[in-house]
Amino acid sequence: MKVALIAHDKKKNNMIELAKKYKDVLSLHKVYATGTTGTLVKGATGLDIICLKSGPLGGDQQIGSMIADSSLDLVIFLRDPLTSQPHEPDISALLRLCDVTNTPLATNEASATIMLDALKENRIPCKKID
């Protein structure tokens, strides 16, 4: 399966801890991430992560394109709802694409834990096989 990891600045440490906890699960899948998030998670876990551009520099749009092409099976996006984001239109578009394409999306640690547990138990259907 293909999984995308995205985290706003104030949520990056939370993403690292989540990835550490679910390293065994994530290691079985192809993982993509926006640039800074991917670099930090890779450094902390040793996971093989395909890093795209930083979110504000187009990484959100790159992941959005993958969602639109049905190339991702799960998106974990730890958002900071209390901080204004300069690239908010890109974020809204990404969330909308998940809804349109019926791509499972976790936007906080509780939902991410549920999704990763489901991934561990093979309960998330793969949308596309390479």
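For the structure given in this document, a descriptive report is provided here. (Residues numbered from 1 in each chain as written. Predicted model: local features only at pLDDT ≥ 70, side-chain atom pairs only at ≥ 80, totals over all residues. Heavy atoms only, no water.)

**Some words on the overall build of the protein chain**
Step number 1: On a plain count of helices and strands, the protein chain comes out with six helices and five strands.
Step number 2: When the helices and strands of the protein chain are read in sequence order from the N terminus, they spell out β-α-α-β-α-β-α-β-α-β-α.
Step number 3: In terms of its C-alpha atoms, the protein chain occupies a principal-axis envelope of roughly 35 × 30 × 25 Å.
Step number 4: Expressed as a percentage of the 130 residues in the protein chain, the buried residues total 46%.
Step number 5: When contacts within the protein chain are restricted to residue pairs at least 6 apart in sequence, those whose partners lie at least 24 apart make up 70%.
Step number 6: As presented, the protein chain carries roughly 6700 Å² of accessible surface, and 52% of it is formed by carbon and sulfur atoms.
Step number 7: Side chains of the protein chain give 16 positive and 15 negative charges; the mean places of these two sets differ by 2 Å. (Helix = DSSP H or I, 4+ residues; strand = E, 2+ residues; numbered from the N terminus. Buried < 20%, exposed > 50% of the residue type's maximum accessible area, 1.4 Å probe, protein only. Contact = heavy atoms within 4.5 Å. Areas by Shrake-Rupley, 256 points an atom, 1.4 Å probe, with all protein chains shown as cover. Lys, Arg positive; Asp, Glu negative; His and termini not counted. Charge placed at Lys NZ, Arg CZ, Asp CG, Glu CD.)

**A closer look at the side chain of Asp60**
Step number 1: Turning to its location among the elements, Asp60 is positioned in helix α4 (residues 59-68).
Step number 2: Although Asp60 is buried, it forms no salt bridge, and the closest oppositely charged side chain is Lys12 at an N-O distance of 8.4 Å.
Step number 3: Discounting chain neighbours no more than four positions away, the residues touching Asp60 are Ile6, Thr34, Gly55, His87, Asp90, Ile91 and Leu94. (Salt bridge = Lys/Arg side-chain N within 4 Å of Asp/Glu carboxyl O.)

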